[in-house]
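# Observations on the three-dimensional arrangement
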Amino acid sequence: MAPRRYSLAALRSAIATWREQTRFRWELKRISRDNPHLIDDIGLTRRQAEEEIAKLPFWQR
């Protein structure tokens, strides 16, 4: 079996996706702290928001 080869474009795309998810989780954390009533407006339950925030690395929570 040949080793997998990953392109630089695929790596950049993966990093961009990771950064976007991290920004979303940071923003969700800020919203849940400052304006918790807005969680409903974006279509998430409080539990879903907490689960998503928990995906942040422990040093960023």
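Everything discussed here concerns the structure shown above.
The sections below set out a description of the structure shown in this document. Everything numeric in this text was worked out from a predicted model, so none of it was measured.

### Observations concerning helix H1 (residues 8-34)
- Compared with the 39 Å implied by 1.5 Å per residue over 27 residues, the 39 Å span of H1 between its first and last C-alpha is a close match.
- Among all positions in H1, only Thr22, Arg25, Leu28, Lys29, Ile31 and Ser32 are buried.
- Lining the buried residues of H1 we find helix H2 (38-41) and helix H3 (46-53).

### Examining the side chain of Thr22
- Within the element layout of this structure, Thr22 appears in helix H1.
- Residue Thr22 is classed as buried on the basis of its relative accessible area, which comes to 13%.

### Some words on the pattern of salt bridges
- With the rule as written, the count across this model stands at 7 salt bridges.
- Arg33 is the salt-bridge partner of Asp34, the closest N and O atoms lying 3.1 Å from each other.
- Residue class for Asp34 comes out partly exposed when judged on its relative accessible area of 41%.
- Arg33 sits in the exposed class, given a relative accessible area of 57%.
- Here Glu51 makes a salt bridge to Arg47, at a shortest N to O gap of 3.4 Å. You can see Glu51 and its partner Arg47 sitting in helix H3, 4 residues apart, about one turn around the helix.
- By relative accessible area, Arg47 is classed as exposed at 61%.

Cut-offs applied
- Residues numbered from 1 in each chain as written.
- Predicted model: local features only at pLDDT ≥ 70, side-chain atom pairs only at ≥ 80, totals over all residues.
- Heavy atoms only, no water.
- Helix = DSSP H or I, 4+ residues; strand = E, 2+ residues; numbered from the N terminus.
- Expected span 1.5 Å × (residues − 1).
- Buried < 20%, exposed > 50% of the residue type's maximum accessible area, 1.4 Å probe, protein only.
- Contact = heavy atoms within 4.5 Å.
- Salt bridge = Lys/Arg side-chain N within 4 Å of Asp/Glu carboxyl O.

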